[in-house]
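Geometric and topological summary
What follows is the residue order along each chain.
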Amino acid sequence: MQRRKLLGTSAIAITSAVSAGLISSCTIRQESEATTSALPKVRWRMATSWPPSLDTIYGGAETICQRVQSLSGGNFQIKSYAGGELVPGLEVLDAVQAGSVECGHTASYYYKGKNPSFSFGTSLPFGLSAQQQNAWLYEGGGNEALNRIYGDFGVISFPAGNTGAQMGGWFKQKIESLNSLQGLKMRIPGLGGDVMAQLGVNVQQIAAGEIYLALERGAIDAAEWTGPYDDEKLGLHRAANFYYYPGWWEPGPTLTALVNQKAWNKLPNEYKAIFTTACYEANLTMLNRYDNLNGAALQRLSKGDTTLVPYSDNILKSAQEAAFQLYADYSTKDREFRQLFNNWMTFRTEVYAWNKVNQFSLSRFNY
């Protein structure tokens, strides 16, 4: 009898606790819905530098748009547009600065002509891996320093994607020596392009969707894009046979979300937090996808007519010397570049020393 009484008391207690929990859960949900519904409906447009066919890099923009909509309960929506739909792929910064679109997804080194320091936002030759780049941007003060420069353009930036270490480009003819580079026409952006120019290359700036035709028709002799998965999608293996590595100019390039500062200032704090989180997710998601996809793509290319060729040590050493001379020249001419470079170089030295012990030693053993 006593046992039945205890069981009955327990059942009542459990029922009460569950009921209280349900009431609490409903209350929290109702409060959350009320908070969300109280926020304004915001509609933005995002210009990008990418064709939708490159689903992984364009996917960085799509990740931001999808997560912003989901986390805001549909109140904050962003529509992404392919390169050329609203503005040319290499003019995203101009559109965001002018306010003709609220935000964009691009590579900051496309705009080094406006300020050479923008190159740090993507990648520097012989610089940082994707993991190191993220550490510098998020924890080493890199993105804060970049945003002080972007502030002069009325823009704020967020890391929003990374392709991982890239390949070294497609060439119609084998590169036997430094002499082979003289006068060669190559699509390559950023400071990597400046280094190639120092080595005698005729550097071209061409948006992603135009690379294949330029290479196939002979307007250029060589081109780099990202890596096996995207390069295969663009059909670059059908226009050139020699696939070089490593991509010394982009060891861990970051893609960037740019936001017009006035548009940003109008957002509620909740939306600012949502956008920031969405960019963070896009940054990690893109890197994971490329690492998952590139291996199989490289195997497919290797089984076809593609010939994998390493850059010679002579070319790598000459490129490295040219790169650091370029950094010294820019540092002499440009105070902002010098400040960023000093910060970046200190970080690079320390993280290289650390990764030489904890990562590179294991890589040498494994491979």
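The sections below set out a description of the structure shown in this document. Please read all numbers here as calculations on a predicted model, not as lab measurements.

Conventions we followed
- Residues numbered from 1 in each chain as written.
- Predicted model: local features only at pLDDT ≥ 70, side-chain atom pairs only at ≥ 80, totals over all residues.
- Heavy atoms only, no water.
- Salt bridge = Lys/Arg side-chain N within 4 Å of Asp/Glu carboxyl O.
- Helix = DSSP H or I, 4+ residues; strand = E, 2+ residues; numbered from the N terminus.
- Buried < 20%, exposed > 50% of the residue type's maximum accessible area, 1.4 Å probe, protein only.
- Axes fitted to C-alpha atoms, helices over the stretch in contact; angles between N-to-C directions.
- Parallel < 35°, antiparallel > 145°, perpendicular 65-115°, else oblique.
- Left-handed = near helix turned anticlockwise from the far one by under 90°.
- Contact = heavy atoms within 4.5 Å.
- Nonpolar A, V, L, I, M, F, W, Y, C, P; charged D, E, K, R; others polar.
- Expected span 1.5 Å × (residues − 1).
- Pairing = 2+ DSSP bridges.

1. Brief notes about the pattern of salt bridges
On inspection of all chains with the given rule, the structure shows six salt bridges. Measuring nitrogen to oxygen at the nearest pair gives 2.8 Å for the salt bridge that ties lysine 114 to aspartate 94. With lysine 114 in the loop between β3 (103-106) and α4 (130-138) and aspartate 94 in helix α3 (residues 92-98), this pair connects stretches of sequence that are 20 residues apart. Judged by its relative accessible area of 38%, lysine 114 falls in the partly exposed class. Ionic pairing is found between arginine 187 and glutamate 224, a salt bridge with its closest N-O pair at 2.6 Å.

2. Digging into the packing of α4 against helix α12 (residues 335-366)
Contact geometry for α4 and α12: axes closest at 10 Å, N-to-C directions at 135°. The orientation of α4 relative to α12 falls into the category oblique. For the element pair α4 and α12, the recorded crossing hand is right-handed. Where α4 approaches α12, its residues Gln131, Gln132, Ala135 and Trp136 are matched on the opposing element by Leu340, Asn343, Trp344, Phe347, Val351, Tyr352, Asn355, Gln359 and Phe360. By residue class, the composition of the contact of α4 with α12 is eight nonpolar, five polar and no charged.

3. Points about helix α11 (residues 313-333)
Here α11 contains 21 residues, and its C-alpha end-to-end distance of 30 Å stays within 8% of the 30 Å for a straight helix at 1.5 Å per residue. Burial in α11 covers these residues: Ile315, Leu316, Ser318, Ala319, Ala322, Ala323, Leu326, Tyr327 and Ser331. In this fold, the buried residues of α11 make contact with α6 (190-198) and α12.

4. Thoughts on the packing of α11 against α12
Running from N to C, α11 and α12 cross one another at 135°; their axes reach a closest spacing of 6 Å. Classed by the angle they form, the pair α11 and α12 counts as oblique. Relative to α12, the crossing made by α11 is left-handed. Along the contact surface, α11 presents Phe324, Tyr327, Tyr330, Ser331, Thr332 and Lys333, while α12 presents Arg335, Phe337, Arg338, Phe341, Met345 and Arg348. Here the residues of the contact of α11 with α12 are counted per class, giving six nonpolar, two polar and four charged.

5. Focus: the sheet that holds strand β5 (residues 170-171)
What links the strands of a sheet is backbone hydrogen bonding, and the strands pair in either a parallel or an antiparallel sense. Strand order across the open sheet formed by six strands is β7-β6-β8-β5-β9-β11, with mixed pairing between neighbours. Each edge of the open sheet carries a strand with a single partner, namely β7 (202-204) and β11 (307-310). One ladder, built from two bridges, connects β5 with strand β9 (residues 242-245); its direction is antiparallel. By the bridge assignment for β9, tryptophan 170 is matched with tyrosine 243.

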